[in-house]
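Summary of structural features
The residues making up each chain are set out below.
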Amino acid sequence: MQSIICSHHLCLAPPPTVLCNRLLCHRVPSIRLTNHRSATTSLRLFTCAAASKKSEIMAAAKEDGQDPRIPKIASSIRVIPDFPKPGIMFQDITTLLLDTEAFKDTIDIFVERYKGKGISVVAGVEARGFIFGPPIALAIGAKFVPMRKPKKLPGKVISEEYSLEYGTDKIEMHVGAVEPGERAIIIDDLIATGGTLAAAIRLLERVGVKIVECACVIELPELKGREKLGDAPLFILVTSDAA
Ligand SMILES: O=P(O)(O)OC[C@H]1O[C@H](OP(=O)(O)OP(=O)(O)O)[C@H](O)[C@@H]1O
Ligand SMILES: Nc1ncnc2[nH]cnc12
């Protein structure tokens, strides 16, 4: 097991095969309000082993022109091999949530990006989009619209099916939650195959909502999920090669 640099992690009782996430941290590109997919930003390799103290992480990030908050966010995400089934390297954001600074920085980066951009809808995908979406919605003055797993919403719904890295599923949204012409961002913790975000895009576009951007904390680029998003831009904080 590699050493885990974030002191908050010391409170955890990690399983024997917890890995330190090896992440490619993105520079934060400026928001594009046009309906074009954003190009992949330049990447910088950040290894947990190389930065044993927070000050070193910040210094390395500044030198490279990267948002200095991102390496800390990256290192707060735990990778669990073979969960929920063999072969899946599970990106566990619960350790990010335990790290108050990393969690706040994550929300702040999204808020800085979307505040004042005329966004009235933050759509969050169940379940982990429900963690990151609401604080962003409150901070930018938008409503939060939950996109739920089937048979959870009590009112009339519209639904979209999609396939996952490990299985198939469906998401639903209440009819009347959004109005045609509204401008939305879609928030989730992670994009893998892109099936979930693509279904969320289809749901919102069916009712005439403009997708300004999809935003995730983590991308698994090997799974090429962003190719499923059509013209909707994708903004991510960290890229993991542990797909
Ligand atoms: O890009 P994709 O291949 O569609 O995968 C990404 C989705 O998978 C995970 O959720 P999951 O479906 O496991 O549901 P959960 O959050 O309820 O555990 C993750 O939180 C994303 O929503
Ligand atoms: N590797 C992964 N880690 C966490 N959530 C996921 N959803 C789909 N693939 C995932």
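Residues numbered from 1 in each chain as written. Chains lettered and ligands numbered in written order. Predicted model: local features only at pLDDT ≥ 70, side-chain atom pairs only at ≥ 80, totals over all residues. Heavy atoms only, no water.

Looking at an unreviewed UniProt entry, the protein carries the name adenine phosphoribosyltransferase, with the source organism given as Eruca vesicaria subsp. sativa. According to the UniProt record, the Subunit (unreviewed entry) comment for the protein is "Homodimer." Per UniProt, the comment on the protein under Sequence similarities (unreviewed entry) is "Belongs to the purine/pyrimidine phosphoribosyltransferase family." (UniProt positions renumbered as here; feature names shortened; annotations may be inferred.)

**Structural notes on the site of ligand 1**
Around ligand 1 sit 16 residues, and of these Asp-188, Asp-189, Ala-192, Thr-193 and Thr-196 come closest. Between Gly-194 and ligand 1, the recorded distance is 2.8 Å, taken from a backbone N or O atom to an oxygen atom. For the shell around ligand 1, the secondary-structure elements that each account for two or more residues are β10 (183-191) and α6 (195-206). The element that contributes the greatest number of residues to the shell around ligand 1 is β10, accounting for 4 residues. The class makeup of the residues in the shell around ligand 1 is 6 nonpolar, 4 polar and 6 charged. (Near = heavy atom within 4 Å. Polar contact = N/O pair within 3.5 Å; in protein donor to acceptor, adjacent residues only side chain to side chain. Helix = DSSP H or I, 4+ residues; strand = E, 2+ residues; numbered from the N terminus. Nonpolar A, V, L, I, M, F, W, Y, C, P; charged D, E, K, R; others polar.)

**Focus: α6**
Over its 12 residues, α6 extends 16 Å from the first C-alpha to the last, a length consistent with the 16 Å expected when each residue adds 1.5 Å. Positive phi shows up at Gly-208, right after α6, with a value of about 80 degrees. (Expected span 1.5 Å × (residues − 1).)

**So, the pairing of strand β7 (residues 143-147)**
Where strand β6 (residues 121-125) lies against β7, 5 bridges are found, and the strand directions are parallel. In the sheet register, Gly-124 faces β7, and the bridge partner there is Pro-146. With respect to chirality, the unit in which β6 leads through helix α5 (residues 129-140) into the neighbouring parallel β7 is right-handed. (Pairing = 2+ DSSP bridges. Right-handed = clockwise from strand over helix to strand, strands pointing away.)

**Let's talk about the packing of aromatic side chains**
Per the counting criterion, the structure on display carries 5 aromatic pairs. Geometrically, the ring pair formed by Phe-103 and Phe-132 is edge-to-face, given 6.0 Å between the ring centres and 90 degrees between the ring planes. Within this pair, whereas Phe-103 is found in helix α4 (residues 100-114), its partner Phe-132 is found in helix α5, the two being separated by 29 residues in sequence. For Phe-132, a relative accessible area of 0% translates into the label buried. Taking 6.5 Å as the distance between ring centres and 90 degrees as the angle between the ring planes, the aromatic pair formed by Tyr-114 and Phe-235 counts as edge-to-face. Of this pair, Tyr-114 sits in helix α4 while Phe-235 is found in strand β12 (residues 234-240), placing the two residues 121 residues apart along the sequence. A single burial state applies to Tyr-114 and to Phe-235, both of which are buried. A network of ring pairs unites the aromatic residues Phe-110, Tyr-114 and Phe-235 as a single cluster. (Phe/Tyr/Trp six-rings, centres within 6.5 Å; stacked < 30°, edge-to-face > 60°. Buried < 20%, exposed > 50% of the residue type's maximum accessible area, 1.4 Å probe, protein only.)

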